[in-house]
Amino acid sequence: MSSKRAKHERSDTNTKKKKTTKKSDEEAAELCSVLDDAQAQSSVREAWSRRSRCAHGTLELDCTPFPHCIIHDFLQSPSFVENLQRELLELNFHEKSNDLYKFKQSEDLRKRTEPHIAGLRTALFGRFRVWLQGVLGVQLEPTVDVSCAKYEYTDVLLCHDDELEGRRVAFILYLVPPWLSSDGGTLDLYSTDSLLQPQSVVKSLVPTRNTLVLFEVSPVSFHQVSEVFSQDKCRLSLSGWFHGPGLERPPRHVEPPQPRSPHLPRDETLLLEWVNPIYLDVSYQEQIQQEFEDSSEIQLKDFIKEEKFAEVSEALRSAQMQWRSRGPANKRSYQVASLDGLPQCVSACWELLRSEAFFLLLSNFTGLRLHYLCPADDEEEEEEEGGKDEETQKNTEDVPGGEGSRSSASPPSADHSKDRELSTPQCHGELRRWSHGDYTLLHDAEAVRAEYALDLMLPLGCTDWQSEFGGFTCYVANEEDEELLTVYPEDNSLALVYRDKETLKFVKHVNDRSSSRSAAMATGRRFYDFSFVYYE
């Protein structure tokens, strides 16, 4: 997963050394009797190795879509379960929220001295670890890696595979009240495609009190904790990993980069038709550029002319629009528009954002070299420009609305085009639709490919959108939890953000607060945005 997220540290100290209480201070955790059955262990071991199914008493093993085991009534004593839950709920929990998840988590439980927490820890990493070693046929380390999590309304853990060096088996012990699938919070298991990418949820496990679920951590162990819909129940669980020799991993699939294209040959007439005249004023462009250079970001309100914006917003809701899902789930989930057969006004707006005139307008807003007429900041480049034919200067015209501004009216000369061929400004764009359940995630490939770029977002249809719904764009520092900037969707507010190689972005999961179940609407709320990235 993303290098930004905090990684759980492994302990090289064994369980005995980790105890800080006397044995008499621990409350012994009696595990279910099926673990004492040698025949049951043999059946599970054989089924696991053959990737088949088996059931024995309160234990079930299934290897579709990947090996996972369910043990009901894991702890024999109901009073032990009650006391364990009480001790866990008395811990300090910290809000955890980033691109991948939102929930509350306790501190690491490896040093906790509460009798029932300590007793369960001893049983898990002692007797149960030995039993699991017999099933897997591998040596597991006595590493204590366990914490407690509380999932409440709208909390979620999105699709991931749990892979991190040394993790061999993941486990979750549920300490929930009576739970229904309609409450959400299910453990969803994904199938994978030929590229070992998550494809679809094929199995959902509803949390059940005093049930332990464990699964093999592997290149295909994609899973999620679905969003919790219950507003009055707490999904309390205790989870962690057993460490050991990892499974061999084939090279990770690397997505091809998104195609980029140079500007469309459209002149400033398009700007006059679409853009609020205030943004075509040269003096105002200079103010915008100064503000942008100070903060590397800006939001330009009421950017598109009101009547044009209303026309496009209405067209996006029409049946003529064709949408498809964009995944895979371990990277993103939202709807993207097919560019074939767009309504005329939507197509015209799309052309605006790709036009030569708009590239030049962005140059004037930001000072970036998104057009050959934009002057270079570097002195060496200025010297090169100084030796060029004066004819280029004569071809420079004003952007409508002001005197002395740069314009895209005249195409570059053949010689100039050749000189700039290797650094022709380009862009990539999408028209996206956002609704309940949508998001984007950070991932390693994105971090490796990060480069200097200008992001543009033009939201539509979000007049009643609230920040608590999610759907906002967060910028973060690579390999850090530091949030640098949050851009909230706002109707007809053009957001421009310049990011460097150390800055990544994601769109926060759109949660249940946006849907009909909480908003008393016939359908869930949704909004749209034109999302472009421009490269110098």
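Calculation notes
- Residues numbered from 1 in each chain as written.
- Predicted model: local features only at pLDDT ≥ 70, side-chain atom pairs only at ≥ 80, totals over all residues.
- Heavy atoms only, no water.
- Salt bridge = Lys/Arg side-chain N within 4 Å of Asp/Glu carboxyl O.
- Helix = DSSP H or I, 4+ residues; strand = E, 2+ residues; numbered from the N terminus.
- Buried < 20%, exposed > 50% of the residue type's maximum accessible area, 1.4 Å probe, protein only.
- Contact = heavy atoms within 4.5 Å.
- Patch = residues over 30% accessible without salt bridge, like charges linked within 9 Å, V, L, I, M, F, W, Y side chains within 5 Å.
- Areas by Shrake-Rupley, 256 points an atom, 1.4 Å probe, with all protein chains shown as cover.
- Lys, Arg positive; Asp, Glu negative; His and termini not counted.
- Charge placed at Lys NZ, Arg CZ, Asp CG, Glu CD.
- Pairing = 2+ DSSP bridges.
- Axes fitted to C-alpha atoms, helices over the stretch in contact; angles between N-to-C directions.
- Phe/Tyr/Trp six-rings, centres within 6.5 Å; stacked < 30°, edge-to-face > 60°.
- Lys NZ or Arg CZ within 6 Å of the ring centre and 35° of its normal.

Could you clarify how one ought to interpret the pattern of salt bridges in this entry?
Side-chain pairs of opposite charge can arise whenever the charged atoms involved come near each other. Under the counting rule described, the total for this entry stands at 29 salt bridges. Two residues, Lys102 and Asp155, come together in a salt bridge whose shortest N-O distance is 2.6 Å. Separated by 53 residues along the polypeptide, Lys102 in strand S5 (residues 101-106) and Asp155 in the loop between strand S6 (146-151) and strand S7 (156-160) bring together distant segments of the chain. A residue is classified by how much of its surface remains accessible, and Asp155, at 3% relative accessible area, is buried. Residues participating in the shared-partner salt-bridge network are Asp161, Glu163, Arg249 and Arg252.

Before we go on, may I ask you to explain the environment of Leu431 in this structure?
With respect to the helices, strands and loops of the structure, Leu431 is situated in strand S17 (residues 426-435). Along the sequence, Leu431 and Asp529 sit 98 residues apart, while their C-alpha atoms lie 5.9 Å from each other. Those residues in contact with Leu431 that lie beyond four places of it in its chain are Leu316, Met321, Trp323, Gln335, Val336, Ala337, Val346, Trp350, Asp529 and Phe530.

Is there a simple way to think about a negative patch on the surface in this case?
A cluster of like negative charges, contributed by Glu479, Glu480, Asp481, Glu482, Asp500 and Glu502, occupies part of the molecular surface. Mapped onto the secondary structure, Asp481 falls in the loop between strand S20 (473-477) and strand S21 (483-487). Exposure remark for Asp481: the relative accessible area of 52% places this residue in the exposed category.

How should the sheet that holds S21 be read in this particular structure?
Consider a sheet: its strands pair through backbone hydrogen bonds, and that pairing is either parallel or antiparallel. Here 3 strands make up an open sheet; going across it, the order is S21-S20-S23 and the pairing antiparallel. Both edges of this open sheet fall to S21 and strand S23 (503-507), since each of them pairs with a single strand only. In this sheet, adjacent strand axes meet at a mean angle of 20° when their direction is disregarded. Relative to S23, S20 runs antiparallel, the two being bridged by 5 bridges. The residue of S23 that forms the bridge with Cys474 is Phe506.

I tried to follow the packing of aromatic side chains on my own but got confused; where do I start?
Enumeration over the complete set of coordinates arrives at 24 aromatic pairs. Taking the centre distance of 5.2 Å and the plane angle of 45° together, the rings of Phe171 and Phe242 count as tilted. Here the residue Phe171 occupies a position in strand S8 (residues 167-174), and Phe242 occupies one in strand S13 (residues 235-243), the gap between them amounting to 71 residues. Both residues of the pair, Phe171 and Phe242, count as buried. The structure contains a cluster of three or more aromatic residues connected by ring pairs, namely Phe74, Phe125, Phe128, Trp131, Phe171 and Phe242. A cation sits over an aromatic face here: Lys150 above Phe93, 4.5 Å from the ring centre. Between the NZ or CZ atom of Arg167 and the centre of the ring of Trp241, over which it lies, the distance is 3.5 Å.

Geometric descriptors of this kind do not, in isolation, establish any biological role.
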